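# Commentary on secondary and tertiary structure
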Amino acid sequence: MVIIPSLEVREMSAHIRNFCIIAHVDHGKSTLADRLLQLTGTISDRNMTEQVLDSMDLEREKGVTIKASAVRMMYTAKDGQTYELNLIDTPGHVDFNYEVSRALAACEGALLVVDATQGIEAQTLANLYLALESDLTIIPVINKIDLVSARPDEVAEELENLLGIPAHQILRISAKEGINVDQVLEAIVQYVPPPRGDIQSPLRALIFDSHYDSYKGVVAYVRVVEGVVKPSDMLRLMSTGVDVKPIEIGYFAPELKPTDHLEAGDVGYIATGLKTVRECRVGDTITHSQRPADEPLPGYQHAKPMVFAGIYPTEGEDYPNLRDALEKLQLNDASLVFEPETSQALNFGFRCGFLGLFHMEIIQERLEREYDLDIVVTAPSVEYEVVMRSGEVIRIDSPAQLPDEGLIEEIREPWMLLQIFSPTEFYGAIMDLVTKRRGIFKDQEYPATNRVQLNFEIPLSEIIVDFFDELKSRTRGFASMDYHFLDYRPGNLVKLEVLVNGEPVDALATIVHREEAYHKGQALVSKLKELIPRQLFDVAIQASASGRVISRANVKALRKDVLAKCYGGDITRKKKLLEKQKKGKKRMKMVGMVEIPQDAFFAVLRLREE
Amino acid sequence: MIPVSIYIHIPFCVHRCAYCDFNTYAGMEKWIPSYVDALCKEITLVGNAAPQMFPVHTIFFGGGTPSFIPAIFIQKILTAIRSQFLILEEAEITLEANPGSVEPELLETLRLAGVNRLSIGMQSAVQEELSLLTRTHTPDDVKQSIRFARQAGFENINLDLMFGIPGQTMDTWKYSLDFALSLDPEHLSLYCLTVEEGTPLHQWVEKGKTIMPSEDETAEMYEFSMDYLAEFGFLQYEISNWAKPGKNGEWQMCRHNLQYWNYLPYLGFGAGAHGFFENIRTENVRAIPKYIHQINHLIAQAFPTSPANDRVLKLDFQEQMKEYMMVGLRLTHNGVQLEDFYSRFGVSLLEIFKKEINFLLSRDLIEWCNNQRNLRLTRKGKLLGNQVFIHFV
């Protein structure tokens, strides 16, 4: 079918601007988005709940955007013409780099928001480089100029050095107070190029996000790059070859609004009716089944989990609920993977793969909060490559899977390129932190005055636990970081095991560097001694590596636990206290005869605190 | 017919002690007359609703400080009870008293009114410890009150003592025990001080102003007491209670408390009082004005409920069996009797709680006694009672 576009449609694309906002966490991206929505009348002031684009509570609390979203705004510019501005929101965290890159690929321009007090940060740069890779026009915006501590002149200078845009031309706004936000809209119209793309060509639409809807199936968020799509078309997902008949197509107003077509340059959605987001991956290209494009759009990647952990229900009977909850989360989150796993200590649960530690935290919190599950999450692990004496190479993502030491030739672990951005005064503190964690210093840059970017290579396993918190505390919150996968490298690694009354607790095992085994074993044992409550008998805690006990401690048997008085025959109160105690006991995990509280399973995570 | 017990709550104190979270009030003296009126009315209302005149074999005046209110009111209450219940001749009538609040006159009046047992809140013989607990009496007051009590004709006296007081040592604890023993009481109650939420003591501990003794320290004090009191001829018949043999050779246990532990019926009158009759637990409203108001304005439901009830709880069969175990196992000498369980519930204790019993036996927390007819706590079990009781909630 050949589509002959009307003149009106052709004119429209000159009046479309597709843009995104990139910023470091907390620099005010969501607030700016809210103001733009208000100013264009997309959302009435009355319906304005703060930060519309971050629809999940958790995001609002953490002040970051987890899922990208998109919205169409109509704006009448000073030139008297009305423009369609499509704002594509991007996830604000390093774990979601790939999603960010796809969202950027759907735009022609980006607002680079920088906090007037904080200045340029690691993610400002990381996102800026991603945006430049996607050939976006960058409009720098200095936000939060209303703050007393704002130093817009300095920040403007930093940006001039970085982008070559004269400092005096850089917009200075306060999204919160609504100062100069109208200038942002004008700048978008003026500087962001209208989308180009031949509407006569075969359809190519880029999926930059999706969500699951129980009625419409997976709703793919798309940027039509070439061609036109209508609700009646048979469509094909190019990476999987799956053909679908869309249930609906439309745009974001910001709620879903059905329309009769989307064409080259448009941003909108296609409700696919598909049952899982796995069949409709971010980065994939949608084309017509009848007249498919020759090539998919470039840049598609299968997002790979980097961090793994076991998630177990505290109470065995919650296993099916946990599985349901993970399945539901996966509907909206293609990067979450899980498979059943059995632990001696924790019984039945799931081995889950995450994009990073932050992603893992989000999943954990959502399971607890939205699904009201009591769960135990084991210490996170990376994926190791184990070269066996036999020459075979196996991949493991849990210490429990590590074969007997005698059979192993070599263990390889993933290494990352780590970029830390910070005021120069913390140079020493950062160097110290990273080198303690086996990081190797590569080089440094000074992208702005008093600002340094340090580049390291570091094993991923060293940064998934506590690293970011530690970095923040050492730099009083000023440093920021970004990381990317480099390669696998051999390491002198051993399995550190914990035995409770002689029984190894698989969920407490970790893979550590041989030189650190002794210290970590000791720290772990003393932490566990604090956390494991006194029981009816003595409990021996041991740490061992390579078959040798490194450290041991004893939790003495409980001596006294009895309620003295039952006043005036008040049995009910006594019973309540005992019920509470019993409940607490139930929440613990039985390992052999020993009751271990959930906290103990996080002990591995907190080793570095002391 | 099984005789019932009656608990009377007197929620007035001259001052509230720092550790106390009982239902009691200081500075509410002006309410005493109307409270006693309401109390008598409650006794009458509930007594009238009873299907028959129940025999009563124990009465316990608890508080608060029952010795704080004029003796004439105690007399009045006992008269009200007598008009509705059949107080047995040998009935035990106990009243809690504070050392320092007992004058010879008061004690004589009480004795004449029928009170035959006194429970005196001695707590400690060490002035510093009493001060920390914000008790207003001195060790000498204790001595004097016992002398007055004996003079008034009281032949059954209990002393309440406390261990686990901040700053207490094994030496001072032994000193307090010796002090108490020298006064030759028939009965001793030793309670471990617990920090209750909402009390000043709780705040002090939270703020780090006061440091509570460790689990090991209180365990040692408790174990010492068990051995020491045995040497003086006391029988530990309950986790916190010890008795000496009387003239007739019988242990002078607190029969009122035994009623609780033997899972037998008791009626509770007064603000915040608890009752238990057949399968029904009752709990009265706690506040004094509210209690008086409800008694005077609400209408009683069926026996054993009262217009003052805040909550009425019906226990099912399972709950009753569990509660029976939970309270019965507090009796450290007799424990629970298999035959009694069977005659109460028509099922075998060993069948119903097979898993729990086997587990507790294997952990050395309970043991057989009385020729395999009773189960009771072991010495270890006495220290770890909660670890036993949680199997029955």
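Because the structure is predicted, anything quoted here is derived from the model rather than measured. (Residues numbered from 1 in each chain as written. Chains lettered and ligands numbered in written order. Predicted model: local features only at pLDDT ≥ 70, side-chain atom pairs only at ≥ 80, totals over all residues. Heavy atoms only, no water.)

## Some details on the overall build of chain B
Check the secondary structure of chain B and you find 16 helices and 17 strands. Per-residue burial for chain B yields a buried fraction of 58% across its 393 residues. Here the contacts in chain B between residues at least 6 apart in sequence split such that 70% fall between residues at least 24 apart. Summed over all atoms, the accessible surface of chain B reaches about 16000 Å², with 52% contributed by carbon and sulfur. (Helix = DSSP H or I, 4+ residues; strand = E, 2+ residues; numbered from the N terminus. Buried < 20%, exposed > 50% of the residue type's maximum accessible area, 1.4 Å probe, protein only. Contact = heavy atoms within 4.5 Å. Areas by Shrake-Rupley, 256 points an atom, 1.4 Å probe, with all protein chains shown as cover.)

## Digging into the overall build of chain A
Regarding its fold elements, chain A presents 15 helices and 34 strands. Taken across its 610 residues, chain A has 59% of its residues classed as buried. Contacts in chain A between residues far apart in sequence, at least 24 positions, make up 69% of those at least 6 positions apart. For chain A, the exposed surface amounts to about 25400 Å²; the carbon and sulfur share of it is 49%.

## Quick look at the interface of chain A and chain B
Across the boundary between the two partners, chain A contributes 29 residues, which contact 43 residues of chain B. Where chain A abuts chain B, roughly 3500 Å² becomes buried across the two surfaces, and 54% of that area is made up of carbon and sulfur atoms. Taken together, the connections running from chain A to chain B amount to 9 salt bridges. Its salt-bridge partner being Arg 534 of chain A, residue Glu 215 of chain B comes within 3.7 Å of it at the nearest N-O pair. Seen at the junction of chain A and chain B, the total is 20 residue pairs in polar contact (both at pLDDT 80 or more). (Buried area = accessible area lost by both parts, 1.4 Å probe. Salt bridge = Lys/Arg side-chain N within 4 Å of Asp/Glu carboxyl O. Polar contact = N/O pair within 3.5 Å; in protein donor to acceptor, adjacent residues only side chain to side chain.)

## Here's the deal with the sheet that holds strand 8 (residues 217-226) of chain A
Residues and elements named next belong to chain A. Spatially, 11-10-16-7-8-15-12-13 is the arrangement adopted by the 8 strands of the open sheet, whose pairing is antiparallel. Strands with a single pairing partner mark the edges of an open sheet, and in this sheet they are strand 11 (242-244) and strand 13 (256-258). Taken over all neighbouring pairs, the strand axes of this sheet differ in orientation by 40° on average, direction set aside. In the sheet, strand 12 (residues 248-252) pairs with strand 13 via 3 bridges, with the strands oriented antiparallel. Within strand 13, the residue paired with Phe 252 across the bridge is Leu 256. (Pairing = 2+ DSSP bridges. Axes fitted to C-alpha atoms, helices over the stretch in contact; angles between N-to-C directions.)

## Examining the pattern of salt bridges
Side chains that differ in charge, positive against negative, can pair when their charged atoms come close. Taken as a whole, this structure holds 51 salt bridges over all chains when the rule is applied. With a closest N to O distance of 2.7 Å, Arg 223 of chain A and Glu 108 of chain A form a salt bridge. On the criterion of sequence distance, the pair formed by Arg 223 of chain A in strand 8 and Glu 108 of chain A in the loop between helix 4 (97-105) and strand 4 (109-115) is long-range, its members being 115 residues apart. Taken together, the shared-partner salt bridges in this structure form one network comprising Arg 534, Lys 556 and Arg 559 of chain A together with Glu 215, Asp 216, Glu 220, Glu 223, Asp 227 and Arg 379 of chain B.

## Observations concerning the confidence of the model for chain A
Residue and element names in this part refer to chain A. Averaged over every residue, the pLDDT of chain A is 85; residues scoring 70 or more account for 92%. Below a pLDDT of 50 lies the segment residues 1-10, which in the model reaches 9 contacts outside its immediate sequence neighbourhood of four places, other chains included. Taken as a whole, residues 51-68 scores under 50 in pLDDT and shows 58 contacts with residues more than four places along the chain or in a different chain. (pLDDT = per-residue confidence, 0-100.)

## Description of the packing of helix 3 (residues 104-113) of chain B against helix 5 (residues 139-152) of chain B
All names here are of chain B. Two elements in contact, helix 3 and helix 5, have axes separated by 9 Å at closest approach and are oriented at 40°. As far as their axial angle goes, helix 5 and helix 3 are oblique. Regarding helix 3 and helix 5, the two cross each other, and that crossing is right-handed. For the pair helix 3 and helix 5, the contacting residues are Pro 104, Leu 107, Glu 108 and Arg 111 in the first and Ser 145, Phe 148, Ala 149 and Ala 152 in the second. Per-class residue counts for the contact of helix 3 with helix 5 are 5 nonpolar, 1 polar and 2 charged. (Parallel < 35°, antiparallel > 145°, perpendicular 65-115°, else oblique. Left-handed = near helix turned anticlockwise from the far one by under 90°. Nonpolar A, V, L, I, M, F, W, Y, C, P; charged D, E, K, R; others polar.)

## What to know about the sheet that holds strand 3 (residues 82-88) of chain A
Residue and element names in this part refer to chain A. An order of 2-3-1-4-5-6 is seen for the 6 strands of this open sheet, with the pairing classed as mixed. The open sheet has two free edges, formed respectively by strand 2 (70-76) and strand 6 (171-172), since each of these has just one partner strand. Two strands pair when backbone bridges link them, and strand 1 (residues 16-23) and strand 3 are joined in this way by 5 bridges, in the parallel orientation. Each bridged residue has a counterpart across the sheet, and for Arg 17 the counterpart in strand 3 is Leu 85.

## Brief notes about the confidence of the model for chain B
For chain B, per-residue confidence averages 95 on the pLDDT scale, and 100% of positions sit at 70 or higher. Confidence estimates for the predicted assembly give a pTM of 0.67 and an ipTM of 0.90.

## Let's talk about the pairing of strand 8 (residues 187-192) of chain B
All names here are of chain B. Where burial is concerned, most of strand 8 is hidden: 6 out of the 6 residues are buried. Side chains of strand 8 alternate between two faces, with His 187, Ser 189 and Tyr 191 and Leu 188, Leu 190 and Cys 192 buried alike. Bridge count for strand 7 (residues 157-163) against strand 8 is 6 bridges, and the pairing is parallel. For Met 162, the partnering residue across the bridge sits in strand 8 and is Tyr 191. As paired strands, strand 8 and strand 10 (residues 241-243) are joined by 3 bridges and run antiparallel to one another. Counted as the bridge partner of Leu 188 is Trp 242 from strand 10.

## Let's talk about unusual backbone geometry
Residue and element names in this part refer to chain B. Note that the residue after Gly 63, namely Gly 64, is joined by a cis bond; omega there is 15°. For Gly 64, the location among the structural elements is in the loop between strand 4 (55-63) and helix 2 (71-84). Of note, the bond from Phe 303 into Pro 304 is cis; its omega dihedral lies within 30 degrees of zero at 5°. Within the secondary structure layout, Pro 304 lies in the loop between helix 10 (288-297) and strand 14 (309-314). The backbone of Tyr 263 sits at a positive phi, close to 60°, despite the residue not being glycine.

## Quick notes on helix 8 (residues 215-231) of chain B
All names here are of chain B. Taking 1.5 Å as the rise per residue, helix 8 with 17 residues should run 24 Å; its terminal C-alpha atoms sit 25 Å apart, in good agreement. Looking only at helix 8, the buried set comprises Asp 216, Thr 218, Ala 219, Met 221, Tyr 222, Glu 223, Ser 225, Met 226, Tyr 228 and Leu 229. Contacts made by the buried residues of helix 8 are with strand 7, helix 6 (170-182), strand 8, strand 9 (235-238), strand 10 and helix 15 (379-383). One or two residues past the end of helix 8 sits Gly 233, with phi positive at roughly 85°. (Expected span 1.5 Å × (residues − 1).)

## Topic: the packing of aromatic side chains
Each aromatic ring pair is summarised here by two numbers: the centre-to-centre distance and the angle between the ring planes. Overall, the coordinates contain 31 aromatic pairs over all chains when judged by the stated rule. Between Tyr 319 of chain A and Phe 348 of chain A, the aromatic rings sit 6.3 Å apart at their centres with planes inclined by 70°, giving edge-to-face as the arrangement. A residue pair is termed long-range when its members are at least 10 positions apart, and Tyr 319 of chain A in helix 8 (residues 319-332) and Phe 348 of chain A in strand 19 (residues 347-354) qualify at 29 residues. Of the residues examined, Tyr 319 of chain A reaches a relative accessible area of 18% and is grouped as buried. Look at Tyr 266 of chain B and Phe 276 of chain B: their rings are 5.9 Å apart centre to centre, the planes differ by 55°, and that puts the pair in the tilted class. One end of the pair, Tyr 266 of chain B, is in strand 11 (residues 266-269); the other, Phe 276 of chain B, is in strand 12 (residues 274-277), with 10 residues separating them in the sequence. As far as burial versus exposure is concerned, Tyr 266 of chain B and Phe 276 of chain B are alike and both buried. Counting every residue linked through ring pairs, the aromatic cluster contains Tyr 260, Trp 261, Tyr 263, Tyr 266, Phe 276, Phe 317, Tyr 324, Phe 341, Phe 345, Phe 353 and Phe 392 of chain B. The ring of Phe 154 of chain B carries the charged tip of Arg 111 of chain B above its face, separated from the ring centre by 5.8 Å. Note that Arg 330 of chain B overlies the ring of Trp 261 of chain B, its terminal NZ or CZ placed 5.1 Å from the centroid. (Phe/Tyr/Trp six-rings, centres within 6.5 Å; stacked < 30°, edge-to-face > 60°. Lys NZ or Arg CZ within 6 Å of the ring centre and 35° of its normal.)

## Regarding the side chain of Asn 23 of chain B
Residues and elements named next belong to chain B. Secondary-structure assignment places Asn 23 in the loop between strand 2 (12-13) and strand 3 (25-26). Of the polar contacts made by the side chain of Asn 23, one reaches the backbone oxygen of Ala 271; its length is 3.2 Å. When near neighbours in sequence (up to four residues on either side) are disregarded, Asn 23 contacts His 9, Pro 11, Ala 271, Gly 272 and Arg 286.

## What to know about the packing of helix 6 of chain B against helix 8 of chain B
Residues and elements named next belong to chain B. Running from N to C, helix 6 and helix 8 point in directions that differ by 35°, and their axes come no closer than 11 Å. When the axes of helix 6 and helix 8 are compared, the crossing they make is right-handed. Residues Met 170, Trp 173, Lys 174, Leu 177, Asp 178 and Leu 181 of helix 6 pack against Glu 220, Met 221, Phe 224, Ser 225, Tyr 228 and Leu 229 of helix 8. Partitioned by chemical class, the residues of the contact of helix 6 with helix 8 number 8 nonpolar, 1 polar and 3 charged.

## Focus on helix 10 of chain B
Side chains that are three or four residues apart share a direction in an α-helix, a result of its 3.6 residues per turn. Residue and element names in this part refer to chain B. For helix 10, every residue scored as buried is listed here: Ile 288, Tyr 291, Ile 292, Gln 294 and Ile 295. On an axial view of helix 10, the arc spanned by its buried residues comes to 165°, and they lie on one face. Looking at the buried residues of helix 10, the elements they touch are strand 2, strand 3, helix 1 (32-49), strand 13 (280-284) and strand 14. (Arc of directions from axis to C-beta.)

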